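Results of the structural survey
Below, each chain spelled out in residue letters.
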Amino acid sequence: MGRPSETERSLKANDREYNSQFKYANNYIRTSKYNILTFIPVNLFEQFLRIANFYFLILFIMQLIGPISSLNPVTTGLPLVFVLAVTATKDGVDDFQRHRSDSVVNNRETDILVEDERKTTRWQDVQVGDIIKMKNNEFVAADLLLLSSSEPHSLVYIETAELDGETNLKVRQALPETALLGEDQGRFKDFKAELKCEPPNNKLDRFEGTLTWEGDTFPLTNDQILLRGCRLRNTKWCYGIVIFAGRDTKLMQNSGKAKFKRTSIDRMVNKLVLAIFVILFVLCLICAIASSVWEANYGNAFQAYLPWEYDGPALIATLVFFSYIIVMNTLVPISLYVTIELIRMFQSLWISWDKAMYYAPKDTPAKARSTNLNEELGQIQYVFTDKTGTLTQNIMTFNKASIAGRKFGELKDENGEVIEITDQTPMVDFSKNPMYEPDFRFCDNSLLTAMEKGDRHCWMFFRLLALCHTVMPEIVEDKLEYQAQSPDEAALVSAARNFGFVFKSRTPTTITVEVQGEADKYELLHILDFNNVRKRMSVVVRQGHKIRLYCKGADNVIMARLGEGSEQLIDITNQHLQDFAGEGLRTLCLAMKDIDEDYYQAWKRKHHAAATSLDDREAKLDELYEEIETNMSLLGATAIEDKLQDGVPTAIENLHKANIKLWVLTGDKLETAINIGYSCKLLTDQMNEMFTIDASEQNLAEQQVKDCLEKIRDVMGIKDKEELRAAAGDGDDISYKSKDEDELNDVYSFAMVVTGAALAFALGNEEMEQIFLAAACYCKTVICCRVTPLQKAQVVDLVKRYKKAVTLSIGDGANDVSMIKTAHIGVGISGQEGMQAVLASDFSFAQFRFLERLLLVHGRWSYYRMCKFLSYFFYKNFAQTVGHFWFAFFCGFSAMTLYDEWYISAYNIFFTSLPVIAIGIFDQDVSDKKSIEYPELYKPGQKSLFFNYWVFSKSLLQGVLTSLVLFFITYGVLAGDLFPDGMPAHSQSLMGCIIATMVVVVVNLKIALDTAYWNIITHIVIWASVIMYLIFIFLFYSEPVYSAFQTIFTYVGVPVMMFRLPAFYFSLILVVTILLLPLMGKRAVQADVQPTLADKVRLEQRQERQELKKARKKSLQLRGFRSRGSVRDSVRSTTGLQRTGSKRPASSRSGYAFSHQEGFGEIIQKGVNMRNGNEAGQAAEGKNVRKASKDKRAPQATIEESPVV
């Protein structure tokens, strides 16, 4: 019996006897699945859970039953054993590696305190409540409460790469009370504290608990916790008490199975395999019924030399049914799933090896982190993207400011017109400031002048920027540098530094700022930390007898908390915010408040009570934060620029042409989102209408959505069935829509911008969800601003649930993880916000523009190849296997096989497998260059035109027709035919060999005809497959082999007879002509009379190659040739429809984005990130923020010569 689930964990330090009563998990971990005894049974059980493997197991057992088996069991057993062995070997190797890894981890050594002495023990022997000593560079053995360390303020520095993928150092700090323990083993022996905390969970950034020691109770948070998997850095030693061990640690709690994503083709293939089972059952049932009839009517006439072994036609028919299940088993392909995984593996390698998706400035290649979703990339209909760091660079620069109603950061000419800032514009000289940064650029000298004159408002503005943050200073090569958790904070603190307010150092209780060369020290009382709900942060500081609160945050949040009497300043600042937003800048508002001493002391007591509470601690603290952050005075606003990444507008424009709809889900202000939308061509002046849904009340928001939908339908002329029914007379047909929506989407283009508040109302009930989705799906672009991470995931889920469309989410930060996991495909961008998005993704790369190539090239190719592979895979199986069904009518339905049993086994493994695999890996209808140049080529995948139930049915029909032609032409040619020496030529073995030969030849020729891209490998596998077959029949049907294996290879001499027979050559030519010539003619006529876009693009490619060969010139001449030709014009005229509609002026508003993570304020107050209290304390949280060099978009690599890119 497993131990009951915990609701609260209670433990005592150094008391194993007390802790053992709770039966907490020990520190032994096991990630492996098998051991020596369980590997074979468990692995086989898992493999036989797959329906195809289980089917062939039953088939193999049936072949062991003599009365129903006409095939050697080896013919099924060998392929089955091969597939099982390959999979088992792969699983075994993987599990062996896990065993080795587990052994290494479990046998690591650490020091623990037992009674009054320290001893070294293995990790697996550590128990809850033990006190552990760790040294620099050691891994943390279990989840620990930090007690003391060698560093000032009892800090420790840890690396969390194994937890969240981030290599930057983070810091933790012990409670001041336990820090006094130092490393005195005698004091640790007497340390009899009791700890109560939350039960084991997978929340890496949350911890709630209390420590009771010597009658006092202390609150515990995540700041004192060291998690298993972290590594101690830059810390000589530290002590901690084990809270969670082994499987209860947060690392192991997060190592559960990831949600398995399956493609739409996967789901379809499973259904098709079941359909093939039904077809097999029907064919076998027909044969069984016919056998019963035949035995009843004609069986007695053959008993003289074929006596019945069983009495009665019914019993014989039953046995024949199972016999034909065995004979025609190859209708169900045992190798299908293995082959699909092989093809997907190579398709993933093409993505990872693509140099055109390699980002040199960061040495970051693209990576396919999942190998089973490649073809789904070719069917994307909706892309959901974050903005900051995904569309933009997430490298911030301080550009403008509004201070006490004055706007700074603009240059004007003598007429008062604003001058555009360029690289040649003279910048402000900050060299008088010895702490200035040479890279800092600001164009308006009036702000520096105001600072030098001691303007009170400007000084207060920059004083706030220097105090209200969680940035850490450090000295690197005698230079002061800042480490910030977000680029926004780094930019603001840097601006304060250059304007004379230099943030120099901090301790848990002080902040030191150098103002015009003089040190100014503040007592840090509280940091009211940022989170995604508050959208602001505050600090409470004391200087002398004055207590003051400084706050910065989103404009709507700050404005709602201002006191009365500053309405005029608010109006002016709001206008400035609109101006900043019109330029696409990210804005923050700044405010302050003086606090009375008595009020502060009362609030402080309530704060301590809330901080030590184990029930709803966060809610109680938020309520107190709300209480103190009121009646503030507005100081001004900042405007930070976050530039677009290179290539974003072009990529988005091409994705739109590919009929991919982009939804931007961002935390920015509405106006910023709109203007960024125009910058990256998500929004254009050619759009018919842009709808804004921004109501803050439910009824108004719902009405805005309904009005939007009504107007779109009115413009497009779309009527639903109710409207048609109301307008129709009696008996009128209303089973149609007024116009084709796909065609209308090419003519009309709309956009929708919706705020997070309005979105919350739209997602509130099912009816409004469907109305909102209907309106949004008519739009080419949807921008959701001011949304939370949860809302991002809800929007993605909304489209998945109702539209049944293939979705893709792309982002770069931890706040994007939820939508990345929710979408069918998640793409992570390795940017400025850590690796959480990448770790949660299926594909990753460094720049948004690579999404264009991922979808239009690799996604489209993968879908095209997989569809072609599946079509031919089913075709070739039916072409060979259905021949048994036709032969049944000529063998008395006796379950006699048409082919040699060894040929049946080798057909799918050697003679036809490699060509279809080559198609799945290498084939391409157009080059990568043309795939991007003509994004409309992507559209067939969105409609599943290359493989669907109709395409599958045609493949099966072609296979049945092929088997019919092969069988009856051969039968007709051999009937009454003679060898040159006069011997009859109508033996079963000869007929079977001829049909088998023609099957191999026809199937491989058909694949050759349909191969669009030839390379050396495709040549080898296609022609080698035919040659391999010929070698097989001449080798295994030879007299020496027959002499050695008389009961196994019985077709001795048949190939020689076949090639001596003129009818063989005649039938081979006739069959190839009948089966392939009409196909070639149909395609030629179709390409000439009704060409597809791909046909036209292929023609253009051929013309370009011919022109290159003739002229031996490159791209310049090639462009001239293309402009003269009519092919391109005809392509564009058939795929592009002229859009009409009123132009929309660019919005003048912009928005807010506060790229900040919660949790840093409390850490700082407890001394985290501070090695000592000198003027530039060492920082360890985050990497240095450095301005990355602007990258230039790499030219697209051409894969004309080889798909290995």
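All values reported here derive from a predicted model rather than from experimental measurement.

**So, the overall build of the chain**
Along the backbone of the chain there are 43 helices and 36 strands. A buried classification covers 56% of the 1205 residues belonging to the chain. Partitioning the intrachain contacts of the chain with sequence separation of at least 6 by distance along the chain shows that 75% fall at a separation of at least 24. With an accessible surface of roughly 52400 Å², the chain has 56% of that area assigned to carbon and sulfur atoms.

**Brief notes about helix H34 (residues 949-974)**
If you check H34, its first and last C-alpha atoms are 37 Å apart, about what 26 residues at 1.5 Å a residue would give, namely 38 Å. Capping the start of H34 is the job of one residue whose side-chain oxygen sits 3.0 Å from the backbone nitrogen of Trp-950: Asn-948. Positive phi shows up at Gly-976, right after H34, with a value of about 75 degrees.

**Some thoughts on the sheet that holds strand S3 (residues 117-122)**
With respect to topology, six strands assemble into an open sheet ordered S3-S2-S4-S13-S5-S11, the strand pairing being antiparallel. Of all the strands in the sheet, just S3 and strand S11 (225-226) have a single pairing partner and so form its edges. One ladder, built from three bridges, connects strand S2 (residues 109-114) with strand S4 (residues 131-135); its direction is antiparallel. Bridge pairing links Asp-111 to Lys-133 in S4.

**Remarks on the side chain of Asn-948**
By the secondary structure assignment, Asn-948 is in the loop between helix H33 (939-942) and H34. A distance of 3.0 Å separates a polar atom in the side chain of Asn-948 from the backbone nitrogen of Trp-950.

**A word on the UniProt feature "binding site: Mg(2+)" (unreviewed entry) in the chain**
Those residues carrying the UniProt feature "binding site: Mg(2+)" (unreviewed entry) are Asp-386, Thr-388, Asp-812 and Asp-816 in this numbering. Across 431 residues of sequence, these annotated residues stay compact in space, with a maximum C-alpha separation of 10.7 Å. With respect to the secondary-structure elements, Thr-388 resides in the loop between strand S15 (382-385) and strand S16 (392-403). Judged by its relative accessible area of 7%, Thr-388 falls in the buried class. Turning to its location among the elements, Asp-812 is positioned in the loop between strand S33 (807-811) and helix H27 (817-822). On the basis of relative accessibility, which here comes to 0%, the residue Asp-812 falls in the buried class.

**Examining the environment of Cys-458**
With respect to the helices and strands, Cys-458 occurs in helix H13 (residues 456-467). For the pair Cys-458 and Ser-402, spaced 56 residues apart in sequence, the C-alpha to C-alpha distance is 9.6 Å. With residues up to four places along the chain from it excluded, the contact list for Cys-458 reads Ile-403, Phe-408, Leu-447, Ala-450 and Met-451.

**As for the pattern of salt bridges**
Counted by the stated rule, this structure contains 47 salt bridges. Asp-386 is the partner of Lys-792 in a salt bridge, and the nearest nitrogen-oxygen pair spans 3.4 Å. Remark: Asp-386 occurs in the loop between S15 and S16 and Lys-792 occurs in helix H26 (residues 789-803); sequence separation between them is 406 residues. By relative accessible area, which is 5% here, Asp-386 ends up buried. Here Lys-400 and Glu-583 are joined by a salt bridge, their closest N and O atoms 2.7 Å apart. Of the two residues, Lys-400 sits in strand S16 while Glu-583 sits in the loop between helix H16 (567-582) and strand S27 (586-595), which places them 183 residues apart along the sequence.

**Concerning the packing of aromatic side chains**
In this description, an aromatic ring pair is defined by two values, namely the gap between the centres and the angle between the planes. This model, assessed by the stated rule, comprises 59 aromatic pairs. Between Phe-885 and Trp-886, the aromatic rings sit 5.4 Å apart at their centres with planes inclined by 65 degrees, giving edge-to-face as the arrangement. For the pair formed by Phe-885 and Trp-886, the shared burial category is buried. In this arrangement the basic side chain of Arg-108 is found over the ring face of Trp-123, its NZ or CZ atom lying 5.0 Å from the centre. Across the ring face of Tyr-875, the terminal group of Lys-1006 is positioned such that the distance to the ring centre comes to 4.8 Å.

**A word on helix H21 (residues 698-716)**
Given a rise of 1.5 Å per residue, 19 residues ought to cover 27 Å, and the 27 Å separating the end C-alpha atoms of H21 matches this to within 8%. Of the residues making up H21, those classed as buried are Ala-701, Glu-702, Val-705, Cys-708, Leu-709, Ile-712 and Met-716. For H21, the buried positions fall inside an angular range of 120 degrees around the axis, keeping them on one side. Exposed residues lying more than 90 degrees from the buried face of H21 are Asn-699, Glu-710 and Asp-714. Once H21 finishes, Gly-717 follows within two positions and takes phi at roughly 75 degrees, a positive value.

**Focus on the sheet that holds strand S10 (residues 216-220)**
Backbone hydrogen bonds hold the strands of a sheet together, and the pairing may be parallel or antiparallel. Pairing is antiparallel across the open sheet formed by four strands, whose spatial order is S1-S8-S9-S10. Unpaired on one side and paired on the other, strand S1 (9-12) and S10 mark the two borders of the sheet. Each adjacent strand pair in this sheet contributes to an overall mean axis angle of 20 degrees, direction not counted. With four bridges joining them, S1 and strand S8 (residues 194-197) adopt antiparallel strand pairing. Bridge pairing in S8 places Lys-12 opposite Glu-194.

**Some details on the confidence of the model for the chain**
On average, the chain scores 83 in pLDDT, and the residues at 70 or more come to 86%. The model gives residues 727-739 a pLDDT under 50, and that stretch makes 13 contacts with residues more than four places away or in other chains. Segment residues 1121-1157 is flagged for pLDDT under 50; beyond a separation of four residues in sequence, or across chains, it makes 125 contacts in the model.

**Section: the pairing of strand S31 (residues 750-755)**
Most of S31 is tucked away, with six of its six residues classed as buried. With burial as the criterion, each face of S31 is covered, one bearing Phe-750, Met-752 and Val-754 and the other bearing Ala-751, Val-753 and Thr-755. Bridge count between strand S30 (residues 689-693) and S31: five bridges; the pairing is parallel. Bridged to Glu-689 within S31 is Phe-750. In this sheet, strand S32 (residues 781-785) lies alongside S31 in parallel orientation, the contact comprising five bridges. Opposite Val-753, over in S32, you have Ile-783 as the bridge partner.

**Concerning the nonpolar core**
By size, the foremost hydrophobic cluster in this structure holds 115 residues, and its most contacted members are Tyr-324, Leu-336, Phe-869, Leu-870, Phe-874, Tyr-903 and Phe-947. For Phe-947, the contacting residues outside a window of four places in its chain are Met-268, Leu-272, Tyr-863, Cys-867, Leu-870, Ser-871, Phe-874 and Phe-952.

**Brief notes about the state of the cysteines**
Enumeration over the complete set of coordinates arrives at zero disulfides. No disulfide involves Cys-708; its sulfur sits 5.3 Å from the nearest other cysteine sulfur, which is in Cys-779. The class for Cys-708 is buried, based on a relative accessible area of 1%.

**A few points about the packing of helix H2 (residues 39-47) against helix H4 (residues 73-106)**
Packing of H2 against H4 leaves a shortest axis separation of 11 Å and a crossing angle of 120 degrees. With respect to each other, H2 and H4 are oriented oblique. Read as a crossing pair, H2 and H4 show a hand that is right-handed. Along the contact surface, H2 presents Phe-39, Asn-43, Leu-44 and Gln-47, while H4 presents Val-83, Leu-84, Thr-87, Ala-88, Asp-91 and Gly-92. Taken together, the residues of the contact of H2 with H4 break down into five nonpolar, four polar and one charged.

Calculation rules
Residues numbered from 1 in each chain as written. Predicted model: local features only at pLDDT ≥ 70, side-chain atom pairs only at ≥ 80, totals over all residues. Heavy atoms only, no water. Helix = DSSP H or I, 4+ residues; strand = E, 2+ residues; numbered from the N terminus. Buried < 20%, exposed > 50% of the residue type's maximum accessible area, 1.4 Å probe, protein only. Contact = heavy atoms within 4.5 Å. Areas by Shrake-Rupley, 256 points an atom, 1.4 Å probe, with all protein chains shown as cover. Expected span 1.5 Å × (residues − 1). Polar contact = N/O pair within 3.5 Å; in protein donor to acceptor, adjacent residues only side chain to side chain. Pairing = 2+ DSSP bridges. UniProt positions renumbered as here; feature names shortened; annotations may be inferred. Salt bridge = Lys/Arg side-chain N within 4 Å of Asp/Glu carboxyl O. Phe/Tyr/Trp six-rings, centres within 6.5 Å; stacked < 30°, edge-to-face > 60°. Lys NZ or Arg CZ within 6 Å of the ring centre and 35° of its normal. Arc of directions from axis to C-beta. Axes fitted to C-alpha atoms, helices over the stretch in contact; angles between N-to-C directions. pLDDT = per-residue confidence, 0-100. Core = buried A, V, L, I, M, F, W, Y, C linked by side-chain atoms within 4.5 Å. Disulfide = S-S within 2.5 Å. Parallel < 35°, antiparallel > 145°, perpendicular 65-115°, else oblique. Left-handed = near helix turned anticlockwise from the far one by under 90°. Nonpolar A, V, L, I, M, F, W, Y, C, P; charged D, E, K, R; others polar.

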